[in-house]
Amino acid sequence: MPHNPRRAAAVERLAALTETGPPPDSFLVSSLHNIRYLTGFTGSNAALLLGADGEARLFTDPRYTLQAGQQVDCAVSIAKGPLSKAVLKAVGKARYRRLAIEHDHMTLAQFESFRKDLPERTETLPVSGLVEKLRMVKDAGELDTIRRSVLLNSEALEAALSHLKPGMTETDLAAEINYRSRLLGADGPSFDTIVASGERSALPHAHPGNTLIGSGILLIDMGAFFQAYASDMTRMVHIGKPTKTYKNAYKAVLEAELAAIDVVRPGVKADKVDKAARKVLKAHGLDKAFTHSTGHGLGLEIHERPRLGRKDPTLLETGMAITIEPGVYLEGWGGIRIEDTVVVTATGCEILTPTPKELRVI
Ligand code: ZN
Ligand code: ZN
């Protein structure tokens, strides 16, 4: 079997799970993102059985026979019925006794039906985040793809804004963004594009609606998937002359964002980055208006570990791709958020997002 460094790292982590007795001798991976990471398979129905001895077998259905053959570098079983039946059979055949399962990626119903048919002497061990922890640190190929995803996303913003005209609604602009992004090569949006105008920008996850984009605040939070890797960026545009309140709040959020970026480097705890942003907003009397975390990892999913929130003890490592996105939200007035994607480097971090952050007025 070809050596796959990602699967080797997963097996190594499995061997370290000794808190509740001997380590698992096998691992059932159910998350499609984790399966993609460990095998390259992109189909929508799969399970992966990893043995502590390095054996790996992907289970999928007949729709994916050809695709699995092209994408996957381990053994493949095409199951005609439910995948769980085929997995159980393989577990029995390999005489696995301690099977780790992905606690976060199985419903209770799936788990109960699976456990019911397990060979008698096989126990299950719930594990959480084993592959997700590996996925936090990106390799050079992944970083290159994320970089391209981020560049495409920034280009799509400019292309869409060049089509902004009076009479457009939030939905119109969101559709324009998605269209431009797709034309530039995106697989699709990495989350529902947020376009929030005026007071509606006070909703951090506003869904674009039929509100006309008029004079005042315009918040745009957008991301693309490019070759499966996510980008994520928030920019503010002010239509017409901004008020003094807007200018001051914008300045405070930008200062908070830059302060947070400034502390990003290997060995720093994720919550320290969050603290840096909050400290700046507090000095401006705006800390209570900052109601979410400062950022998150991104990669095959738009939200990955680490979470740069108040209590995340994760130590930042070279190769992590994270967002930095402080914001302030004031009911009845509006909101401001500025978000970049950055990569942790040996000496600090590199900001991937090229879109300027000076106060923008249209
Ligand atoms: Zn975002
Ligand atoms: Zn984000």
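Residues numbered from 1 in each chain as written. Chains lettered and ligands numbered in written order. Predicted model: local features only at pLDDT ≥ 70, side-chain atom pairs only at ≥ 80, totals over all residues. Heavy atoms only, no water.

Regarding helix α10 (residues 270-283)
Taken together, the buried positions of α10 are A270, D271, V273, D274, A276, A277, R278, V280 and L281. If you follow the buried residues of α10, they end up packed against α9 (244-263), β14 (304-308), β15 (321-324) and β16 (327-330). Looking one or two residues past α10, G285 carries a phi angle of roughly 70°, positive in sign. (Buried < 20%, exposed > 50% of the residue type's maximum accessible area, 1.4 Å probe, protein only. Helix = DSSP H or I, 4+ residues; strand = E, 2+ residues; numbered from the N terminus. Contact = heavy atoms within 4.5 Å.)

Details of the domain arrangement of the protein chain
Split into domains, the protein chain comes out as domain 1 (5-134) and domain 2 (140-351). Facing 8 residues of domain 1, the contacting portion of domain 2 comprises 6 residues. Between domain 1 and domain 2 lies a buried interface of about 620 Å² when both sides are counted; carbon and sulfur atoms form 54% of it. Where domain 1 packs against domain 2, one counts 1 salt bridge. (Domains from an automatic or database assignment. Buried area = accessible area lost by both parts, 1.4 Å probe. Salt bridge = Lys/Arg side-chain N within 4 Å of Asp/Glu carboxyl O.)

A look at the coordination of the zinc ion (ligand 1)
Protein ligation of the zinc ion (ligand 1) involves D221 (OD), D221 (OD), D232 (OD) and E339 (OE), the donor distances falling in the range 2.0 to 2.6 Å. Between the 4 donor atoms coordinating the zinc ion (ligand 1), the angles at the centre fall across 55 to 149°, so the site counts as irregular. Site description for the zinc ion (ligand 1): donor spacing in sequence, D-x10-D-x106-E. A spacing of 3.2 Å is found between the zinc ion (ligand 1) and the zinc ion (ligand 2), which share D232 as a donor. Pair noted here: D221 is in strand β9 (residues 216-222) and D232 is in the loop between β11 (229-230) and β12 (233-239), with a separation of 11 residues, a long-range link. With a relative accessible area of 4%, D232 lands in the buried category. (Donors = N, O, S within 2.8 Å, 3.2 Å for Na, K, Ca; no water. Tetrahedral: all angles 85-135°; square planar, octahedral: opposite > 155°, others 65-115°.)

Re the nonpolar core
Core analysis: the largest hydrophobic core is formed by 38 residues, its most contacted members being V273, L281, L316, I322, I324 and I336. The leading source of residues in this core is α9, at 10 residues. Those residues within four positions of L316 in sequence are excluded, and the remaining contacts are V264, R265, P266, G267, V268, A270, V273, P306 and V344. V29, V72, L143 and L352 belong to the second largest nonpolar core, which has 35 residues in total. (Core = buried A, V, L, I, M, F, W, Y, C linked by side-chain atoms within 4.5 Å.)

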